[in-house]
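Geometric and topological summary
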Amino acid sequence: MKQLIYAATIHASKAHLVGVESRSDPGLSRVIMVGMPDTVAKESRERLPAAMKHHGYAFPKGKVLFNLFPAQIPKRGVPIDLSLTTSLLVEEQYALPPQKPTLFLAELDLQGRLHPPAYGTLLASLAAVENNMQIVTAHQAANEAALAPGAEVYSFSDLKEVVAFLNAQESHSPIEPENILARPTNELRLDEIRGQQHAHNAAALCAVGRHSLWLQGPPGTGKSMLAQRVIRLLPDLPCDTAMQLARIEALLGPITSMPRRPPFRSPHTTTSAQGLLGGGSPLRPGEMSRAHGGILFLDEMPEFTRPALEGMRQPLEEKEVRLQRAQDWARYPADVIMLATSNPCPCGYLSHPKVPCRCSENRIETYLSRVSGPLQDRFDLFVEMGPVAADILDGPATAQSDEDVIARITAAKEFQLSKDRVFTCSNEASLAQIIEAGILPEAQAQMRKASTLLALSGRAVLRCLRVARSNADLNQRAAIALEDVQQALSFRPLSAQQKTTTDKHRLAQRLKTHHPSRATYSNNRDSPSKSPYSK
C-alpha cells in the first residue's frame, strides 16, 4: 500500500519528510514508538488518548505501535501529534486515508485542538511541495505554510474537522494565502544628517556595490546615525533572496509574511561568536545569517570579543556560514553588507580638534589592536568622521535628498545590467574580470603606484578596484577612470601598523597642544618617524 501519511523533522537545518505507520494488536496496553523520536515526540503518546476521547474516538486497547521512517534521522523540531493521530484513526477506520500523500503538521492538546509548530513550518511546507504533497495544519500556521510556492494547504481548528476532511475530501478547497509580502517599514532618512559629505558618498557606493563600510570618529559625529540609514538606499530583496531569508527566520520561529526589504541586524557588543555565526543544539542561524541580503551593523566593533570578530573573516569572503558539530551540521547563507563603527581611542577624542584625549599610548595601541589586520583588510570603505560645526547642524540640508540618491543608485544598477559582463555587482568580481570590464591606462598606473606606496595586499588591491568599478557605475562610465581610482583610494583604511603609527603621531601633537608636560614624556618614550599619512 502506498504511504500517504507524513510528518516532518528538522535535521541539519533542513526539513525532512517522515513516513508514519501505526498498528494495534492485542496484548498489554502500551504505546511503542520507534524511529529515533526525541523527548517531545515521545510525550505525544500521552496526549493522543485524551485528544481522541474528547471527540468520541476510542483509543485502541492493547499494544499500539508507531513506526517513523527513515529511522536513521532524528525526529525533532516539528510536532508529529497530528500525523500519529491521523494514522491511528485511519488504522481504526474512523477516517478514510488521504487521496494523495499528505503532510500533517500540528500539535494536539488534550481537547484535540490543533496548535501550530513553534518553528519550521515554512521549511516543512517547502519539503512537501518538492514531493508533491498537500498539507494539513492548524489555522495559525496556514499562512506561513502557504508561503511556499505551489503549496496546497488545508487548515482546521480541531481533530474532528480533520476527520471530516478525510471523509469528504472533494468538498474542501485549499486556502488562499494572505499578506504574502511584508508591509514596508518607515526607514530613517539619510539626508537628515548634516555635513559628512565623504561619508554620504561612501554610503552611496556601499549601496551600489554592496561594499563593507567602517566609520570612525569621536563620539557624537553621526557614525551610528549614518550607518542606521544606509538600509534606505538598498533596493527591495529579489525573490530568491527573500525566500532564503524566510527559510532562515523559519528556523527561529513562526513568520507571517515574505520579507520584502533587506534586513538590518545590530547585535550588542556582548554577543558571542555563536550568537553572530550560529550554533547551539540543535543548530540555529546567527545574526550574520539573519542579515542575509541586508546589513550587519557592528556598533563599537572593537568592543566585540576577538573570537566573534575573527570568526566572521571566512563568511565575509565566502558569503556563507558553515557549522560542523559531532551530531549536526549546517550551511547558512550570509551575503551581508557589513557596517562597523569605532572610536579612535578608548576615550574617543584622539582625533577631535578641540577636546583633549585622556588615553595613554599603551591604551591606544591596545584598543587599536582589538581588530586584527586581516579583518581590517576586508573593509572596502573606511571613513574618518569629525565634528560638524553648529551653523551646519541647524542649517539647511547639505546632502542630496534620499530620493535623488536612490534614483542615482537605481540608474547605476540598470547600467550594471546593461553591460555584457560576467558579474553584475562589483563586489562579486575577480581582478581579471574587473580589468576585462575596462580600466584606463592612467587609472591602472595610479593603482600600481598606490599599491606600492601604501603596501597594499592583493586583497586590498582587489577591493580598491571593486570600489573604483562601483564609482564608475555610479557615474555610468564604461571604463574605470583616474578619478574612480582616486576616490577608491580615499576610502582605503590604514593597516594596523600604519594606524597605530599615525594615531601615536597625532597623540604627540595633541599632547603638545593641551598638555605640554605629557607631550615631552610621550616624545621621549617613543618617537615614531613621521608618517606620510599624518597631518
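Presented here is an overview of the structure given in this document. The shown structure was predicted, so the numbers you read here are calculated from the model rather than taken from an experiment. Just so you know, the residues in each chain are numbered from 1, in the order the chain's sequence is written. A pLDDT threshold of at least 70 governs which residues receive local features in this predicted model, and a stricter bar of 80 or more applies before side-chain atom pairs are shown or counted, although totals over entire chains, interfaces and linings include all residues. Side-chain descriptors were evaluated using all non-hydrogen atoms of the structure, hydrogens and water having been removed beforehand.

Now for the overall build of the protein chain. When helices and strands are counted, the protein chain shows 22 helices and 18 strands. A principal-axis box enclosing the C-alpha atoms of the protein chain has dimensions of 95 × 50 × 45 Å. The buried label goes to any residue with under 20% of its type's maximum accessible area, the exposed label to any with over 50%, and the partly exposed label to all in between, with areas taken from a 1.4 Å probe on protein chains only. Going through the 535 residues of the protein chain one by one, you find that 53% of them count as buried. Considering only residue pairs separated by 6 or more positions, the protein chain has 76% of its internal contacts joining residues 24 or more positions apart. For every accessible area listed, the method is Shrake-Rupley and the probe measures 1.4 Å; residues are considered covered only by the protein chains on display. Accessible surface for the protein chain amounts to roughly 24,200 Å². Of this, 52% is attributable to carbon and sulfur atoms. Counting rule for charge: Lys and Arg are taken as positive, Asp and Glu as negative, and neither His nor the chain ends is counted. Every charge is mapped to an atom, namely NZ of Lys, CZ of Arg, CG of Asp or CD of Glu. Across the protein chain, the centroid of the 60 positively charged side chains sits 7 Å from that of the 54 negatively charged ones. Each helix corresponds to a stretch of at least 4 residues labelled H or I by DSSP, and each strand to a stretch of at least 2 residues labelled E; elements are numbered beginning at the N terminus. Any two residues whose heavy atoms approach within 4.5 Å are treated as being in contact.

Let us now look at the sheet that holds strand β18 (residues 381-384). Read across the open sheet, the five strands follow the order β11-β14-β17-β10-β18; overall the sheet is parallel. Every interior strand has two partners, whereas the edge strands, β11 (264-265) and β18, have only one. The criterion for strand pairing is that DSSP finds at least two bridges linking the strands in question.

Glancing now at the pattern of salt bridges. A pairing counts as a salt bridge when a side-chain nitrogen of Lys or Arg comes within 4 Å of a carboxyl oxygen of Asp or Glu. Scanning the entire structure with this criterion turns up 32 salt bridges. Residues Asp 328 and Arg 76 are paired through a salt bridge, measuring 3.1 Å at the closest nitrogen-oxygen approach. Taken together, the residues Asp 328 in the loop between β15 (320-324) and β16 (329-333) and Arg 76 in the loop between β4 (63-69) and α2 (81-91) connect sequence positions 252 residues apart. Put simply, Glu 317, Asp 377, Arg 378, Asp 380, Arg 459, Arg 463 and Arg 492 are held in one network by salt bridges that share partners.

Attention shifts here to the nonpolar core. In terms of nonpolar packing, the biggest core is built from 59 residues, with Leu 103, Leu 122, Met 288, Leu 298, Met 301, Leu 309 and Met 312 touching the most fellow members. In this structure, Leu 122 is in contact with Glu 144, Leu 147, Ala 148, Met 243, Ala 246, Arg 247, Ala 250 and Ile 255, ignoring residues within four places of it in sequence. Membership of the second largest hydrophobic core comes to 50 residues, among which are Cys 206, Leu 234, Leu 456 and Ala 468. In this description, a nonpolar core means a group of buried Ala, Val, Leu, Ile, Met, Phe, Trp, Tyr and Cys residues linked to one another through side-chain atoms lying within 4.5 Å.

Our focus in this paragraph is empty space enclosed by the protein. A cavity here means a set of 1 Å grid points, computed over protein atoms only, where a 1.4 Å probe fits but cannot escape. A pocket is an open set with protein on both sides within 12 Å along at least 5 of 7 lines, and lining residues have an atom within 4 Å of a point. Grid points are joined across faces, edges and corners, and a volume is the space filled by probe spheres set on the points. Counted according to the given criterion, the structure contains one cavity of 30 Å³ or more. Lining of the largest cavity is provided by Ile 10, His 11, Ala 12, Ser 13, Arg 76, Pro 282, Leu 283, Arg 284 and Asp 328. Tallied by class, residues from the lining of the largest cavity come to four nonpolar, two polar and three charged. Amino acid classes used here: Ala, Val, Leu, Ile, Met, Phe, Trp, Tyr, Cys and Pro are nonpolar; Asp, Glu, Lys and Arg are charged; the rest, including Gly, are polar.

Right, let's talk about the layout of surface pockets for a bit. Its boundaries defined by the atoms lining it, the second largest pocket holds a volume of some 540 Å³. For the second largest pocket, the lining is made up of 25 residues, of which Arg 210, Pro 235, Asp 236, Pro 238 and Lys 413 are closest to its centre. Of all the secondary-structure elements, those providing two or more residues to the lining of the second largest pocket are α8 (239-250) and α16 (402-418). The greatest single-element share of the lining of the second largest pocket, amounting to six residues, is contributed by α16. When the residues that make up the lining of the second largest pocket are grouped by side-chain class, the tally is 11 nonpolar, seven polar and seven charged.

On to the sheet that holds strand β3 (residues 30-34). A sheet is described by the order of its strands in space; here seven strands give the open sequence β3-β4-β2-β1-β5-β8-β9, paired in mixed fashion. Strands with a single pairing partner mark the edges of an open sheet, and in this sheet they are β3 and β9 (153-156). In this sheet, adjacent strand axes meet at a mean angle of 30° when their direction is disregarded. Pairing of strand β5 (residues 102-105) with strand β8 (residues 134-138), which is carried by four bridges, proceeds in the parallel orientation. Working convention: axes come from line fits to C-alpha atoms, limited for helices to the stretch in contact. Angles between N-to-C directions cover 0 to 180 degrees.

Nothing here speaks to function; it is all geometry.
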